[in-house]
Amino acid sequence: MPCFLGMLMLDIRLSKISFLLQIILWTFHDTAAEFVVTAPPDPVVGVVGGNVILDCQLVPARAPENMEVRWIYMALSYSSPVIMFKDGAEDLTSQAAGYRGRTELFLNEIAHGNLSLKLKAVKVSDKGQYKCYVASGIKQDEIKVALTVSGTGRQPWIEMEGYATNGVRLACRSEGWFPNPPVQWVDGNGENVTAQPDTRYRLDAEGLMTVDSIIEVPKHSRNKYTCVINNQILKETQEAHIQIADTFFPSTSGWLVAFWILFILIAAAVCFAVWRDRKLQQKTRALMKSASLLENERLRIDIEAEKEKANRMYQALQEEIKKMKEAGKAECEKLQQDFAKEKIAIKEEHEQFKKEVDQEKASATAKYQKLYTECEQWKPLVQSEWKRIQSNAATVTLDARTANASLTVSPDGQTVKGGETLNVPDNPERFDSVPYVLGTEGFTGGTHYWEVKVVNKAYWDVGIANGSVQRKGMPDLCADAGFWTIGRDGEPYGISDAKRSTITVTTRPQKIGVFLELEAGRVSFYNADNMYHLYTFNANFSDKVYPFFWPGWDDTPLTICPVKN
């Protein structure tokens, strides 16, 4: 562990030296009009429930005029920042709900270039990429910071789960881990006896893992065991120990014990009878040597009395042995009867279960046949409707005059992607703060259809927008603001209503079809790969509308595809 900590501290020092060299080099640039945003390259590790600082520095270390600082979680919308600094103070009006009360900027150090974010009460859901974005009236720049989240769970406990074939099962449990920790079992000699444990992980409401690990312990093994759970990121462990008494292991059945007791009693009775007989013979020989006949007679009477007493004791032992044999036989017969009843019950339960499974299988088969028949009946109608939609194919190109400076539009106007900030004129048609772009041609009437390729993209939105939507500043991407779109924000798919509601998508589409019916007041979205309808907006289009595109944050392009029947 000391060696690991030394290497870790050396890596941290090297990262800081590289970071400081970058700052020193930038101090030789012209600071009157240029600045750059920097951060250490290594991911930051945050502990669940603790606080973490995401480092971001401005070089040169002097805040420009009219500076705006925006921390953005890459899995959320650009318009829902983690925290924002504007007009000399924190602006929390549009802060993402999941970060309220958990963020803090170093306000006293912003003027000296420290734009770092302090994130409190770290959660599992906080892990991912963050962007430190800085803009002024002169320039804008940004840098990404990766946050890794880890958590060490509670002290585990071990309990006996039940009996196995040749021993017992031990269960080790612990809560509050992230990510999934490995589990190791060690016996009393310090040897790893993990073999193939049954280890399972369950996710709780806070995104943390509950660990259950079960092993089978044979009777003749070491009775002391240790369960060790490791957090490989934080290099922390939790342990639990157990000492198993021999009485907990399965023992011999009652009737077998009774049989051996009976055998021992019989052997003891025989030995006792032999011993008594030898004693009597010794006494008889002694009496025969006696000189006095009277004494011999008295001794003979005593011998007869002793023999009678021995016979009575022998008969009593025989009766006791007989009773114990009968009791052992009765217990054995009872165990056999119980086993036969249990066998019959298990067989009946198995037959009932098989009957229920067969019924469920027959029911599922019938439902499938019904759905398949209905699908075949509707298939010609769906194909006919799809041909009608595709017959309204429109020629759509991207208008580079409306594209944000961080977007690159291809010369043929068919592809757009994110990337480096371009030096473009700030004309009235251009979106200046959000990476949006519109189509060249707008529509005031008729029906129109086009398709957009979205495969391999985790963040995107396509649809239509009013020609009068807000182009400057931070417009709200929703239908009330003149945007009717469908898109993907990380994993879920959603629509641009007021709540940014999610929709169910059974098959991930490669192409999205947009079908606009102006007179009917509808815009519908389809999975163009399988003709599956995704969602329809109903609206009163009183203004000229244009095709709308948001390609997300990465450099994977959105592409307008030709419509093929």
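Higher on the page you've got the structure.
In this section: the overall build of the protein. Along the backbone of the protein there are three helices and 31 strands. For the protein, buried positions account for 36% of its 565 residues. Intrachain contacts of the protein at a sequence separation of at least 6 include 62% that bridge at least 24 residues.

The space that makes up the largest pocket amounts to roughly 610 Å³. Taken together, 30 residues form the lining of the largest pocket, with Ser77, Ser79, Ser80, Asp489 and Arg500 sitting closest to its centre. For the lining of the largest pocket, the class distribution of residues is 15 nonpolar, six polar and nine charged.

So, on to the pattern of salt bridges. If you walk through the whole model with that rule in mind, you get 21 salt bridges. For lysine 120, the salt bridge is made with glutamate 104, and the minimal N-O distance between the two is 3.0 Å. With lysine 120 in the loop between β9 (117-119) and β10 (128-135) and glutamate 104 in strand β8 (residues 103-105), this residue pair connects regions lying 16 residues apart in the sequence. Of the residues examined, lysine 120 reaches a relative accessible area of 29% and is grouped as partly exposed. Relative accessible area serves as the criterion here: at 29%, glutamate 104 is assigned to the partly exposed category. Across the salt bridge formed by arginine 154 and glutamate 175, the nearest N and O atoms sit 3.2 Å from each other. Of this pair, arginine 154 sits in the loop between β11 (140-150) and β12 (157-163) while glutamate 175 sits in strand β13 (residues 167-177), placing them 21 residues apart in sequence. Under the relative-accessibility criterion, arginine 154 is labelled exposed at 54%. Beyond isolated ion pairs, a larger network of salt bridges with shared partners links Glu159, Arg173, Arg202 and Asp212.

Now for the pairing of strand β5 (residues 68-73). One face of the sheet, then the other: side chains in a regular strand alternate in exactly this way. When you tally the buried positions in β5, you get six out of six residues, the bulk of the element. Judged from the six bridges that link them, β5 and β10 form a sheet pairing that is antiparallel. Bridge pairing links valine 69 to valine 134 in β10. As paired elements, β5 and strand β6 (residues 83-86) share three bridges and run antiparallel to each other.

To continue, consider the environment of glutamine 155. The topology assignment puts glutamine 155 in the loop between β11 and β12. Given a relative accessible area of 48%, glutamine 155 falls into the partly exposed group. Note: C-alpha distance between glutamine 155 and alanine 240 (85 residues apart in sequence) is 7.2 Å. Glutamine 155 has contacts with Ser174, Gln238, Glu239 and Ala240, leaving out every residue within four places of it along the chain.

Spatially, β21-β30-β23-β24-β25-β26 is the arrangement adopted by the six strands of the open sheet, whose pairing is antiparallel. Looking at strand neighbours, the two that pair on one side only are β21 (437-438) and β26 (502-503), the edges of this open sheet. Pairing of strand β24 (residues 483-489) with strand β25 (residues 493-495), which is carried by three bridges, proceeds in the antiparallel orientation. Note on β25: the bridge partner recorded for glycine 487 is glycine 494.

Next up on the list: the side chain of arginine 430. Looking at the element boundaries, arginine 430 is found in the loop between β20 (415-418) and β21. An unpaired buried charge is present at arginine 430: no salt bridge exists, and aspartate 426, the closest side chain of opposite charge, is 5.5 Å distant. Filtering out sequence-adjacent residues up to four positions away, arginine 430 remains in contact with Ala400, Arg401, Thr402, Ala403, Asn404, Val424, Pro425, Arg471 and Lys472.

One open sheet accounts for three strands, arranged β14-β17-β18; its pairing is antiparallel. With partners counted over all chains shown, the strands left at the sheet margins are β14 (183-187) and β18 (236-243), one partner each. This sheet shows a mean twist of 20 degrees between the axes of neighbouring strands, independent of strand direction. One ladder, built from five bridges, connects β14 with strand β17 (residues 224-231); its direction is antiparallel. Residue aspartate 187 lies in a different strand from β17, and its bridge partner there is tyrosine 225.

Each value, and the rule that gives it
- Residues numbered from 1 in each chain as written.
- Predicted model: local features only at pLDDT ≥ 70, side-chain atom pairs only at ≥ 80, totals over all residues.
- Heavy atoms only, no water.
- Helix = DSSP H or I, 4+ residues; strand = E, 2+ residues; numbered from the N terminus.
- Buried < 20%, exposed > 50% of the residue type's maximum accessible area, 1.4 Å probe, protein only.
- Contact = heavy atoms within 4.5 Å.
- 1 Å grid on protein atoms, 1.4 Å probe; cavity = no way out; pocket = protein on both sides within 12 Å on 5 of 7 lines; lining within 4 Å.
- Points joined across faces, edges and corners; volume = space filled by probe spheres on them.
- Nonpolar A, V, L, I, M, F, W, Y, C, P; charged D, E, K, R; others polar.
- Salt bridge = Lys/Arg side-chain N within 4 Å of Asp/Glu carboxyl O.
- Pairing = 2+ DSSP bridges.
- Lys, Arg positive; Asp, Glu negative; His and termini not counted.
- Axes fitted to C-alpha atoms, helices over the stretch in contact; angles between N-to-C directions.

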